[in-house]
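Chain residues, written in single-letter form:
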Amino acid sequence: MEQRTLGRTGRAVSVVGQGTWQLGADWGEVAERDGLAVLEAAVDAGVTFLDTADVYGDGRSERLIGRFLREHPGVGVTVATKMGRRAPLDPAEYTAANFRAWTDRSRANLGVERLDLVQLHCPPTPVYSTDAVYDALDALVDEGRIAAYGVSVETCDEALAAIARPGTASVQIILNPFRLKPLERVLPTAAEAGVGIIARVPLASGLLSGRYTADTVFAADDHRTYNRHGEAFDQGETFSGVDYATGVRAAAEFAALAPEGATPAQTALRWIVQQPGVSTVIPGARTAEQARANAAAAALPPLSDKTLAAVRELYDREIRALVHDRW
């Protein structure tokens, strides 16, 4: 699989990575054996970048990756985790002492001495502009607890604030055919600064797979049920902030744009991979089959100019008014 440099980490990572939120929680139950099968299938298909967080299943996702690493020594993957949501979302909680405690827990879960990449996990907006936060992150690098740090963001303004900091290695941001605003300023600014872009929520919580209808019912413990209106965390995390009825209708139009031999989900991933400045995209998977299908998107030929224009037209007509100004 094509490898790209992940910003200031200097690491080469697969253009399609593997997100592991599904292996922790919030998407319905995934058995441990199935979670391990997802990781094995992804890596076998060429994936060299795994993304997790300390709160995914209260560390379950990290521990599954740690077990996978122990059972596959020398596998050669970069693992990125996140921190900052184990405490109240109060800027006062983002201290050097908490950073050490949170990263120590992640190091134990993953079974490593040094974390490859730690990202602030969508903290309160003021955190992105706080000098003491970056001083504390720099100290973690100096102490050898982490190799590099980045941020995960909800908004483009948060991304731009982080990119301006010289130690920020990467920015993780929602980017998909239903969320085009990062193309305007974030990706060009990151590319100029040498900051990597990790595209998250690439399938708009599965909408862009084309598999769901207005009658689809998700499990009660699935965030696509309990967070549709931002009841538990930022609404933009669920269906990219698009209301479900609109999303299903637009997703059906998007599915019709898929080229021969590609699924709608693969088409969405291919669209992301083509955007200048993207380092890697991190679709999730609940099964090994899904992981292999996602990885296969990296081998698709580039989408045509006609298809790219059709994606933009669909966004402008159906989605832009719902998400563009907010996120």
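Rules and cut-offs
- Residues numbered from 1 in each chain as written.
- Predicted model: local features only at pLDDT ≥ 70, side-chain atom pairs only at ≥ 80, totals over all residues.
- Heavy atoms only, no water.
- Salt bridge = Lys/Arg side-chain N within 4 Å of Asp/Glu carboxyl O.
- Buried < 20%, exposed > 50% of the residue type's maximum accessible area, 1.4 Å probe, protein only.
- Helix = DSSP H or I, 4+ residues; strand = E, 2+ residues; numbered from the N terminus.
- Pairing = 2+ DSSP bridges.
- Contact = heavy atoms within 4.5 Å.
- Axes fitted to C-alpha atoms, helices over the stretch in contact; angles between N-to-C directions.
- Right-handed = clockwise from strand over helix to strand, strands pointing away.
- Parallel < 35°, antiparallel > 145°, perpendicular 65-115°, else oblique.
- Nonpolar A, V, L, I, M, F, W, Y, C, P; charged D, E, K, R; others polar.

Engineer: Give a detailed account of the pattern of salt bridges, specifying residues and quantitative values.
Structural biologist: Tallied over the full model, the rule gives 22 salt bridges. When the shortest N-O distance is used, the salt bridge between Glu-2 and Arg-4 registers 2.9 Å. The partly exposed category is assigned to Glu-2, whose relative accessible area is 40%. In this structure, Arg-249 and Glu-318 form a salt bridge, with 3.2 Å as the shortest nitrogen-oxygen distance. Highlighted residues: Arg-249 in helix 8 (residues 244-255) and Glu-318 in helix 11 (residues 305-323), separated in sequence by 69 residues. Look at Arg-249 and you get partly exposed, because its relative accessible area is 45%.

Engineer: Let's hear about the sheet that holds strand 3 (residues 18-19): which residues, and what values?
Structural biologist: What the eight strands build is an open sheet, ordered 3-4-5-6-7-8-9-10; its pairing is parallel. Single-partner strands in this sheet number two, and they are strand 3 and strand 10 (280-281). As defined by bridge partners, strand 3 adjoins strand 4 (residues 49-51) across two bridges and the pair is classed as parallel. Opposite Gln-18, over in strand 4, you have Leu-50 as the bridge partner. Contacting strand 5 (78-83), strand 6 (117-121), strand 7 (149-152) and strand 8 (168-174), helix 4 (residues 131-142) crosses the sheet at an angle of about 135° to strand 7.

Engineer: How would you sum up the pairing of strand 8? Please name residues and give values.
Structural biologist: Buried residues dominate strand 8, accounting for seven of its seven residues. Handedness of the strand 7-helix 5 (residues 156-163)-strand 8 crossover: right-handed. For strand 8 and strand 9 (residues 196-200), the ladder comprises five bridges, and the chain directions are parallel. The residue bridging Ile-174 from the neighbouring strand is Arg-200, located in strand 9. Handedness of the crossover is the feature at issue here: the chain leaves strand 8, passes through helix 6 (residues 186-193), returns alongside strand 9, and the resulting connection is right-handed.

Engineer: Break down the packing of helix 2 (residues 60-71) against helix 3 (residues 96-110) for me, citing the residues and quoting the values.
Structural biologist: Running from amino to carboxyl end, helix 2 crosses helix 3 at an angle of 45°, the nearest separation of the two axes being 7 Å. When the axis of helix 2 is compared with that of helix 3, the two are oblique. Residue-level contacts link Glu-62, Arg-63, Ile-65, Gly-66 and Leu-69 of helix 2 to Arg-105, Ser-106, Asn-109 and Leu-110 of helix 3. Classifying every residue of the contact of helix 2 with helix 3 gives three nonpolar, three polar and three charged.

Engineer: An account of the packing of helix 8 against helix 11 is needed here, citing residue identities and associated values.
Structural biologist: Remark: helix 8 packs on helix 11, axes separated minimally by 11 Å, with the N-to-C direction vectors making an angle of 175°. By the criterion of interaxial angle, the relationship of helix 8 to helix 11 is roughly antiparallel. Between helix 8 and helix 11, the residues in contact are Thr-246, Arg-249, Ala-250, Glu-253 and Phe-254 and Val-311, Leu-314, Arg-317, Glu-318, Ile-319 and Leu-322, respectively. For the contact of helix 8 with helix 11, the class distribution of residues is six nonpolar, one polar and four charged.

Engineer: Give a description of the side chain of Ser-152 that names residues and reports values.
Structural biologist: Examined against the element boundaries, Ser-152 turns out to sit in strand 7. Apart from the residues lying within four places of it in its own chain, the contact partners of Ser-152 are Lys-82, Gln-119, Leu-120, His-121, Cys-122, Pro-123, Tyr-128, Gln-172 and Arg-200.

Engineer: Talk me through the pairing of strand 9; I want residue IDs and the actual numbers.
Structural biologist: Among the five residues that make up strand 9, five are buried, leaving the element largely enclosed by the rest of the structure. Side chains Gly-196, Ile-198 and Arg-200 project from strand 9 onto one buried face, and the interleaved Ile-197 and Ala-199 project onto a second face that is buried too. Pairing geometry for strand 9 and strand 10, over two bridges, is parallel. The residue of strand 10 that forms the bridge with Ile-198 is Thr-280.

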